[in-house]
There are 4 protein chains.
Amino acid sequence: MVKRVVLAYSGGLDTSVILKWLQDQYQCEVVTFTADIGQGEELEPARRKAEQLGAREVFIDDLRQEFVRDYVFPMFRANTVYEGEYLLGTSIARPLIAKRMVEIAAEVGADAVAHGATGKGNDQVRFEIGAYALNPDIRVIAPWREWDLNSREKLLAYAEAHQIPIERHGNKSPYSMDANLLHISYEGGILEDPWAEPEESMWRWTTAPEKAPDQPRYIDIQFAHGDPVAIDGEALPPAALLAHLNTLGGEHGIGRLDIVENRYVGMKSRGCYETPGGSILLKAHRALESITLDREVAHLKDELMPRYASIVYNGYWWSPERRALQTLIDQTQRLVTGVVRLKLYKGNCTVVGRRSEESLFDPRIATFEDDAGAYRQQDAEGFIKLNALRLRIEKRLQG
Amino acid sequence: MVKRVVLAYSGGLDTSVILKWLQDQYQCEVVTFTADIGQGEELEPARRKAEQLGAREVFIDDLRQEFVRDYVFPMFRANTVYEGEYLLGTSIARPLIAKRMVEIAAEVGADAVAHGATGKGNDQVRFEIGAYALNPDIRVIAPWREWDLNSREKLLAYAEAHQIPIERHGNKSPYSMDANLLHISYEGGILEDPWAEPEESMWRWTTAPEKAPDQPRYIDIQFAHGDPVAIDGEALPPAALLAHLNTLGGEHGIGRLDIVENRYVGMKSRGCYETPGGSILLKAHRALESITLDREVAHLKDELMPRYASIVYNGYWWSPERRALQTLIDQTQRLVTGVVRLKLYKGNCTVVGRRSEESLFDPRIATFEDDAGAYRQQDAEGFIKLNALRLRIEKRLQG
Amino acid sequence: MVKRVVLAYSGGLDTSVILKWLQDQYQCEVVTFTADIGQGEELEPARRKAEQLGAREVFIDDLRQEFVRDYVFPMFRANTVYEGEYLLGTSIARPLIAKRMVEIAAEVGADAVAHGATGKGNDQVRFEIGAYALNPDIRVIAPWREWDLNSREKLLAYAEAHQIPIERHGNKSPYSMDANLLHISYEGGILEDPWAEPEESMWRWTTAPEKAPDQPRYIDIQFAHGDPVAIDGEALPPAALLAHLNTLGGEHGIGRLDIVENRYVGMKSRGCYETPGGSILLKAHRALESITLDREVAHLKDELMPRYASIVYNGYWWSPERRALQTLIDQTQRLVTGVVRLKLYKGNCTVVGRRSEESLFDPRIATFEDDAGAYRQQDAEGFIKLNALRLRIEKRLQG
Amino acid sequence: MVKRVVLAYSGGLDTSVILKWLQDQYQCEVVTFTADIGQGEELEPARRKAEQLGAREVFIDDLRQEFVRDYVFPMFRANTVYEGEYLLGTSIARPLIAKRMVEIAAEVGADAVAHGATGKGNDQVRFEIGAYALNPDIRVIAPWREWDLNSREKLLAYAEAHQIPIERHGNKSPYSMDANLLHISYEGGILEDPWAEPEESMWRWTTAPEKAPDQPRYIDIQFAHGDPVAIDGEALPPAALLAHLNTLGGEHGIGRLDIVENRYVGMKSRGCYETPGGSILLKAHRALESITLDREVAHLKDELMPRYASIVYNGYWWSPERRALQTLIDQTQRLVTGVVRLKLYKGNCTVVGRRSEESLFDPRIATFEDDAGAYRQQDAEGFIKLNALRLRIEKRLQG
């Protein structure tokens, strides 16, 4: 019953097989959509391949600016990390892909969308919840949950049988990888043993701390209203800014992560990540908030953050609860404007200075020196006495 | 009306002046109490000095084991950090001091306790709320909030006038410092400018990453029920274990922190901290939890942590709300047993492996390879469909 | 492949059809299990009917005491209400049924369990998540999601074709109902229009406030450690106590509820409930906590309650996160011991007195009269000043 | 050093004494400010009395509309209740008074503000934190914390000595009361015994349920964007609407409350409240949200509500954390538009219907009848299976 389907197409083997399989299986037309979100691959080969394999129409969009500006930065305003560690590099790209798939489906009159994510992972959830939220009547086809090509051998056999070109490079990675402007991720292979340390050769974006320069690099990041806008005084648009930080961070071995995380579908999985620019931004943003945000607002954000992170991780970017939280988060960022200085050195990203016109750090009050009466120490007595009152009553009455 | 007071006595200038001042001002007897919580100073000089200055009785207690076992470790079970960064090294020592002060007051029949914390900081709150919670009828004397010796000059003049020995070392630190087995802290001096980077010479416990060994060090930390019990297979009691990690971490430049934090009394202040062993433990504990804790339990802990951290930071260790949260936290740690391997290198502390008899990481299910039916990919469709249902209805009905 | 299945059997038409259908469809033996959880029906007819319809074995268990003691009361310790209104009468019975089904399956060597809940509601989730949590290898059969008997007509036709007795009473309720010692619920019929008021005849347990006695009734409920133990001085075991309160509350028109709630499966549904005893207990328990619980502990409980309620509502009773929260909740109840006096009158349940040996209400301090120095009003100045400090600094620096 | 002070003046004995005492004690000019927030007293006598007692200037402001529109309604958008019961009638009026005091101080060039709240209660905190937040340099004078007129006798003596008129009515209430458009409160007297039931004569606004009409009254409340705008089809401005609901609710005995609450200053206190209109609004608003709000948004609001309530109760209306939460709350109210029908009868306020153009209640999906495929019951299997997955793995691996 499907007439036309929009396929999120990477140009790789899996989605190429899907492109063919959809035409076969559903007797439908396939429109491919390939997004440049900074994964660092040339996309023109994908166009040719899609055309070759019978795509009715081919969309290739440069979404890098939008990705960083409207997805990565809003998420970073919340200092978002999932389970204390993960910067959500994969999660944050999915809602944008879902949105464009649904938009293209409307443009080309498609009645379905399809993707190449497996039935075990989080990405299927993120794609599909996003798609359903934006178009409740869209149909989603997830071939990995439907077909019987459930091994590499069968996939290759299908590809050969259907003249799908297979790139056989010598150095095929043993890992399942995903990359965009925010990060690159690795799963599978020896990582399936949580006791196994990944070999150095796995990491692609960052120099090993051991090989990083012996000289530290100092950088100043300027923020306006919660978002980074300039590095070392040079204003940069979002995508270029993040790319520049990726370069700097990568050089200095910053942003490697090796964790076991809890997937939304109910299992634990091991993942390794490189997020050089994001790791720097997270440190810097929190440091700027430390002088510009009120204590209770900062604490409120800290308590809400894990929930916001789960919402993004689980694929609910296009949900009303994410929007409600975002409204709160954005409101707190009005005065998060200023500069943070960081030192990058062999894997370390250290905050060494922060300043802001909006700073709430009042040295006249905080000083260890004579404060000329700015703070009356005697006030502390009543403060403590009343804060302790309930505890004193309890000790007396409940012992 | 005070007859006898127990003074938390460090042996330094400030508390020596207080020892004298209390006798003068209140015409009372002073019993001193000096705790060894791993601050790394000899305490016998404090005894002699206290006796010399007229202390009626002198208590010197080695509280190191108790400190780490009953305060540091329970707090670490919650992965506690204040405002995303601070490991609460100073905060966690205060409730123990308060408890011993109150106990000694009961032993010696004192009607008051006194301390040398200023009226601007958090420590006065922590000491006093602790004391009031444990003995609601105790009187607290906080000389810094009462006297007029509010400058270094006046303090020195008072000391000279009362024959209080003043140690004049050449290398007197320009910083206000506090140390115990968990950390050493620095405040004041140039740190009062949040844009100023502290000079390298400030740091006392850790080698600069730049000077740390070129060879990484791998260590295995064994945990039982949430607490670390052995390093590289060698069982160690709590204090020795933490001390050993301080040595290892310090050598490799691990655990430096430079932040602006929000004090309970309402101001922002800059602090620098070295917490080498604690920083390692935090990483290791979280990594072990990542394979042994249920997802929802881990998330619950993450959402409660900021509140727990504020409770400790603000001095409410001896409160019923801390106890209630601790009960939950401790209950979750029953199966947090296993080993974490870490790599220490020039300021970096990286998890490279984790294993446990209680591991919930099930490679048969998580695998990218054929899972022999352990997981049915088709289940994901219904999972996604029902999770998306409310969003689809909303899009249809509210647009 | 199913050899023997344990069916949660009510004796009604639906589960009788299922009893037959399972034998037909799966060619398996069926063991029936009927629980008395206070639904107020005779169970012996269910036994005869099950035997008649070919049940291999029939279990009928009186679980009333266990239900109230181990499920209802622990939940009430948290003052649990879902979405601000619903006392979870249906939700809280399901984990007990699931537990017994799994136990019986083990006893009789069954490889599956089956239930009569539909694929639209919450109960399927509660049964099945409970069953899976307690026996991860159990198979669950949910006929309503499998068969094609998806209308009342088809069901009746199947019943006739298979000699299943159909009770044709004149006054068949137009509502879907569920009852146990905690409540009776109504769904469907005219309730599917949220603007329609249910007719008076729908309500079965409670007198209409308009018809309730003109004389108020006062009762005293005694609690020990968070649980009710006596009414008007008479000690009662859990089930009898709740039954007695149902009678009293029902007489006085207490505990009717008419709401639209959010189901876990993603839709909104209208439900009406009568929970006379539970409504009284909730009021009483909170009132006792108001004098025996510390403020911060009470607030912590209030903030965690919605999450606990969702856990129970969604069917996660047998989850580690429910257990962790329960540990905290139970710890807070140690001193929730005392008596609450309530006035029942035409739908109103009003607290008019509360007393406890463990009361933290200290009239010497709270009094408007002279407190003889128990509270020093001057302390409030410092308390306010320091609590306002951050706001003053912000106004000065951020305007 | 105080030249001119703005006094929150009620016209009663206490603030009249303060008006005189301030002139005596501080040798300063006093400007009085009396707000009409619906307390139901004539204010012109206050003007004459103030002039008589030497007020330099007299401000009398009708703040009723502003009070309900900008304080009560925003708070009700959050379904705010403190400690599960209290509708915050006193708390919500204080920030408005504080704001006007600070504004008038600026207008008349006053350097201080003064109020008649005691040093034991919450109101001093609310007034002063509000004042400091809006003008960090204002000075606050709280005579009750300063003077020695700490008994009724001394106060009367002072009044006589200074020709302050004392109204001696026969029926002086034994309670300390506070009233505004939202509520009237009672404290003190026999209420200081939490076991004592208040006598019927205490209640001033509501008919006793026993004396309320035998006929129920049905009303329809129309909301727009979260705020009530019309009753029974008649549009009313905020103050008139709340006043009308007070009348209706009062007639039908609705909104009495008798609780023990936890004050911010650390003690428990007994309070009785009548909040007829507010109690109706709370029920109605929640009912409308039940059909117009997304589940996760509603749950988020429920979890944040206790914190919001504490913020208001503790006097932090003018804080950045209240503003941040308000932003979130207001954002959720965009589509909370519709009508709720309620039945008022002898103390009961029951929701009997709710409808909205923005309703998310989809009867086609929720129906017990044939849904024509709107919901696919089979989806529930996968939903349950994956939600149960972590529990199954845990049972297998951790037992």
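- Chain A carries the name Argininosuccinate synthase in an unreviewed UniProt entry, which gives Acidithiobacillus caldus as its organism.
- Under the heading Subcellular location (unreviewed entry), UniProt records this for chain A: "Cytoplasm".
- Taken from UniProt, the Sequence similarities (unreviewed entry) comment for chain A reads in full: "Belongs to the argininosuccinate synthase family. Type 1 subfamily."

### Quick look at the overall build of chain A
At step 1: Looking only at helices and strands, chain A features 13 helices and 14 strands.
At step 2: With the C-alpha coordinates aligned to their principal axes, the bounding extent of chain A is approximately 85 × 55 × 40 Å.
At step 3: Relative to its full complement of 399 residues, chain A shows a buried share of 68%.
At step 4: Nonlocal contacts in chain A, meaning residues at least 24 apart in sequence, comprise 74% of its contacts between residues at least 6 apart.
At step 5: Carbon together with sulfur atoms contributes 47% to the accessible area of chain A, which is approximately 13,900 Å² in total.
At step 6: For chain A, the distance from the average site of its 48 positive side-chain charges to the average site of its 59 negative ones is 3 Å.

### Thoughts on the interface of chain A and chain B
At step 1: Contacts between chain A and chain B engage 98 residues on the former and 98 residues on the latter.
At step 2: Carbon and sulfur atoms supply 55% of the area that chain A and chain B bury against each other, a total of about 8,900 Å² over both sides.
At step 3: Three residues stand out in chain A for area buried against chain B, namely Lys120(A), Trp195(A) and Lys268(A), and they jointly supply 9% of the buried area on that side.
At step 4: In this structure, the connection of chain A to chain B is made through 10 salt bridges.
At step 5: As a salt-bridge pair, Lys343(B) and Glu210(A) come within 2.7 Å of each other at their nearest N and O atoms.

### Regarding helix 3 (residues 64-76) of chain B
At step 1: Those residues of helix 3 of chain B that sit buried are Glu66(B), Phe67(B), Val68(B), Tyr71(B), Val72(B), Phe73(B), Pro74(B), Met75(B) and Phe76(B).
At step 2: Against helix 4 (94-108), strand 9 (227-231), helix 8 (238-251), helix 9 (276-292), helix 10 (295-313) and helix 11 (320-332) of chain B lie the buried residues of helix 3 of chain B.

### Description of the packing of helix 10 (residues 295-313) of chain A against helix 11 (residues 320-332) of chain A
Residue and element names in this part refer to chain A.
At step 1: Two elements in contact, helix 10 and helix 11, have axes whose closest approach is 11 Å; the angle formed by their N-to-C orientations is 150°. Looking at the two axes, helix 10 sits roughly antiparallel to helix 11. As for the relative orientation of helix 10 and helix 11, their crossing is left-handed in sense. Judged by residue contacts, Val297, Leu300, Lys301, Leu304, Arg307, Tyr308 and Ile311 of helix 10 engage Glu321, Arg322, Leu325, Gln326, Leu328, Ile329 and Thr332 from helix 11.
At step 2: In terms of residue class, the contact of helix 10 with helix 11 is built from 8 nonpolar, 2 polar and 4 charged.

### Quick look at the UniProt feature "binding site: ATP" (unreviewed entry) in chain A
Residues and elements named next belong to chain A.
At step 1: UniProt feature "binding site: ATP" (unreviewed entry): in the numbering of this structure it lies at Ala8, Tyr9, Ser10, Gly11, Gly12, Leu13, Asp14, Thr15, Ser16, Ala35 and Gly116.
At step 2: You can see Gly12 is positioned in the loop between strand 1 (4-8) and helix 1 (13-26).
At step 3: The class for Gly12 is partly exposed, based on a relative accessible area of 26%.
At step 4: Take Ser16: it is sitting in helix 1.
At step 5: Apart from residues no more than four positions distant in its own chain, Ser16 is found in contact with Tyr9, Gly11, Lys49, Leu53 and Ile164.

### Some words on the side chain of Asp220(B)
At step 1: Looking at the element boundaries, Asp220(B) is found in strand 8 (residues 217-224).
At step 2: A polar contact is formed between the side chain of Asp220(B) and the side chain of Arg341(B), at a distance of 2.7 Å.
At step 3: In contact with Asp220(B), other than residues within four places in its own chain, are Trp195(A), Ala230(B), Ile231(B), Asp232(B), Val339(B), Val340(B) and Arg341(B).

### Thoughts on the interface of chain D and chain B
At step 1: Tallying the contact residues gives 27 residues for chain D and 26 residues for chain B.
At step 2: For the chain D and chain B pair, buried surface summed over both sides reaches about 2,500 Å², with 60% attributable to carbon and sulfur atoms.
At step 3: One can count 4 salt bridges joining chain D with chain B.
At step 4: Among the salt bridges present, the one from Asp294(D) reaches Arg390(B), with a minimum N-O distance of 2.8 Å.
At step 5: At the junction of chain D and chain B, the tally comes to 8 residue pairs in polar contact (both at pLDDT 80 or more).
At step 6: Mapped by element, the contributors of at least two residues to the side of chain D that touches chain B are helix 10 (295-313) and helix 13 (379-398) of chain D.
At step 7: Looking at the side of chain D that touches chain B, the element that brings in the most residues is helix 13 of chain D, giving 14 residues.
At step 8: Taken together, the residues of the side of chain D that touches chain B sort by class into 11 nonpolar, 5 polar and 11 charged.

### Let's talk about the pattern of salt bridges
At step 1: Taken as a whole and assessed by the stated rule, the structure comprises 148 salt bridges over all chains.
At step 2: The residue Glu381(C) makes a salt bridge to Arg376(A) at a minimum N-O spacing of 3.4 Å. Of this pair, Glu381(C) sits in helix 13 (residues 379-398) while Arg376(A) sits in the loop between helix 12 (363-366) and helix 13 (379-398), placing the two residues on different chains.
At step 3: Residue class for Arg376(A) comes out partly exposed when judged on its relative accessible area of 40%.
At step 4: The salt bridge involving Arg64(D) is made with Asp62(D); its shortest N-O contact spans 2.8 Å.
At step 5: The structure contains a network of salt bridges with shared partners spanning Asp61(A), Glu66(A), Lys99(A), Arg100(A), Glu103(A) and Glu107(A).

### Here we look at the packing of aromatic side chains
At step 1: Within this structure, the stated rule accounts for 50 aromatic pairs over all chains.
At step 2: Look at Tyr264(C) and Tyr316(C): their rings are 5.9 Å apart centre to centre, the planes differ by 75°, and that puts the pair in the edge-to-face class. Linking Tyr264(C) in the loop between strand 11 (256-262) and strand 12 (268-274) with Tyr316(C) in the loop between helix 10 (295-313) and helix 11 (320-332), this pair joins segments that are 52 residues apart in sequence.
At step 3: Given the relative accessible area of 12%, Tyr264(C) is considered buried.
At step 4: Between the aromatic rings of Trp144(D) and Trp147(D), the centroid separation amounts to 5.1 Å while the plane-to-plane angle is 65°, which identifies the pairing as edge-to-face. As far as the burial class goes, Trp144(D) and Trp147(D) line up, both buried.
At step 5: Here a set of aromatic residues connected by ring pairs shows up, and it is made of Tyr264(A), Tyr316(A), Phe383(B), Tyr264(C), Tyr316(C) and Phe383(D).
At step 6: When the ring centre of Trp317(B) is taken as origin, the NZ or CZ atom of Arg322(B), which lies over that ring, is 3.6 Å away.

### Focus: empty space enclosed by the protein
At step 1: Using the criterion set out here, one finds 15 cavities of 30 Å³ or more in the structure.
At step 2: Of the voids in this model, the largest cavity is the one considered here, and its volume is about 910 Å³.
At step 3: Around the largest cavity, the lining is made up of 29 residues, and of these Glu296(A), Arg307(B), Asn314(B), Glu296(C) and Asn314(D) lie nearest the centre.
At step 4: Looking at the lining of the largest cavity, the elements with two or more residues in it are helix 10 and helix 13 of chain A, helix 10 and helix 11 of chain B, helix 10 and helix 13 of chain C together with helix 10 of chain D.
At step 5: Here the lining of the largest cavity gets 5 residues from one element, more than from any other, and that element is helix 10 of chain C.
At step 6: The class makeup of the residues in the lining of the largest cavity is 9 nonpolar, 8 polar and 12 charged.
At step 7: Taken as a whole, the second largest cavity spans an internal volume of roughly 290 Å³.

### Section: helix 10 of chain C
Two residues of an α-helix separated by three or four positions point the same way, owing to the 3.6 residues in each turn.
All names here are of chain C.
At step 1: When the terminal C-alpha atoms of helix 10 are compared, their 27 Å separation across 19 residues agrees well with the 27 Å that a helix rising 1.5 Å per residue should span.
At step 2: If you look at helix 10, its biggest bend is around 40°, right at Met305, and the proline Pro306 turns up within four residues after that.
At step 3: Within helix 10, 18 of the 19 residues are buried, which leaves it mostly tucked inside the rest of the structure.
At step 4: Two to three positions downstream of the cap, the backbone nitrogen of Glu296 sits 2.8 Å from a side-chain oxygen, assigning the N-cap of helix 10 to Asp294.

### Looking at the UniProt feature "binding site: L-citrulline" (unreviewed entry) in chain A
Residues and elements named next belong to chain A.
At step 1: As annotated by UniProt and renumbered to match this structure, "binding site: L-citrulline" (unreviewed entry) occupies Tyr86, Ser91, Asn122, Arg126, Ser176, Ser185, Glu261 and Tyr273.
At step 2: The residue Ser176 is located in strand 6 (residues 176-179) in this model.
At step 3: You can call Ser176 partly exposed: its relative accessible area is 28%.
At step 4: The exposure class assigned to Tyr273 is buried, which follows from its relative accessible area of 3%.

### Some words on the relation of the copies chain D and chain B
At step 1: Least-squares fitting of chain D to chain B yields an RMSD of 0.0 Å, with the transformation described by 0.0 Å of translation along the axis and a rotation of 180°. The two molecules are tied by a two-fold rotation axis, judged by turn and shift. In terms of C-alpha distance to the rotation axis, chain D has Phe383(D) as its closest residue, with the C-alpha 1.8 Å off the axis.
At step 2: The fraction of interface residues of chain D whose copies in chain B are also interface residues reaches 96%, indicating that both copies meet through the same surface.

### Focus: the sheet that holds strand 12 of chain C
Residue and element names in this part refer to chain C.
At step 1: In spatial order, the strands read 6-7-12-11; together these 4 strands make up an open sheet with antiparallel pairing. Across the chains shown, the open sheet's two edge strands, defined by having one partner strand only, are strand 6 (176-179) and strand 11. Taking each pair of neighbouring strands and ignoring which way they run, the sheet shows an average axis angle of 25°.
At step 2: As defined by bridge partners, strand 7 (residues 184-187) adjoins strand 12 across 3 bridges and the pair is classed as antiparallel. The residue of strand 12 that forms the bridge with Ile184 is Glu274.

Cut-offs used in this document
Residues numbered from 1 in each chain as written. Chains lettered and ligands numbered in written order. Predicted model: local features only at pLDDT ≥ 70, side-chain atom pairs only at ≥ 80, totals over all residues. Heavy atoms only, no water. UniProt positions renumbered as here; feature names shortened; annotations may be inferred. Helix = DSSP H or I, 4+ residues; strand = E, 2+ residues; numbered from the N terminus. Buried < 20%, exposed > 50% of the residue type's maximum accessible area, 1.4 Å probe, protein only. Contact = heavy atoms within 4.5 Å. Areas by Shrake-Rupley, 256 points an atom, 1.4 Å probe, with all protein chains shown as cover. Lys, Arg positive; Asp, Glu negative; His and termini not counted. Charge placed at Lys NZ, Arg CZ, Asp CG, Glu CD. Buried area = accessible area lost by both parts, 1.4 Å probe. Salt bridge = Lys/Arg side-chain N within 4 Å of Asp/Glu carboxyl O. Axes fitted to C-alpha atoms, helices over the stretch in contact; angles between N-to-C directions. Parallel < 35°, antiparallel > 145°, perpendicular 65-115°, else oblique. Left-handed = near helix turned anticlockwise from the far one by under 90°. Nonpolar A, V, L, I, M, F, W, Y, C, P; charged D, E, K, R; others polar. Polar contact = N/O pair within 3.5 Å; in protein donor to acceptor, adjacent residues only side chain to side chain. Phe/Tyr/Trp six-rings, centres within 6.5 Å; stacked < 30°, edge-to-face > 60°. Lys NZ or Arg CZ within 6 Å of the ring centre and 35° of its normal. 1 Å grid on protein atoms, 1.4 Å probe; cavity = no way out; pocket = protein on both sides within 12 Å on 5 of 7 lines; lining within 4 Å. Points joined across faces, edges and corners; volume = space filled by probe spheres on them. Expected span 1.5 Å × (residues − 1). Bend = angle between axes of the 7 residues up to and from the residue. Least-squares fit on C-alpha atoms with pLDDT ≥ 70 in both. Pairing = 2+ DSSP bridges.

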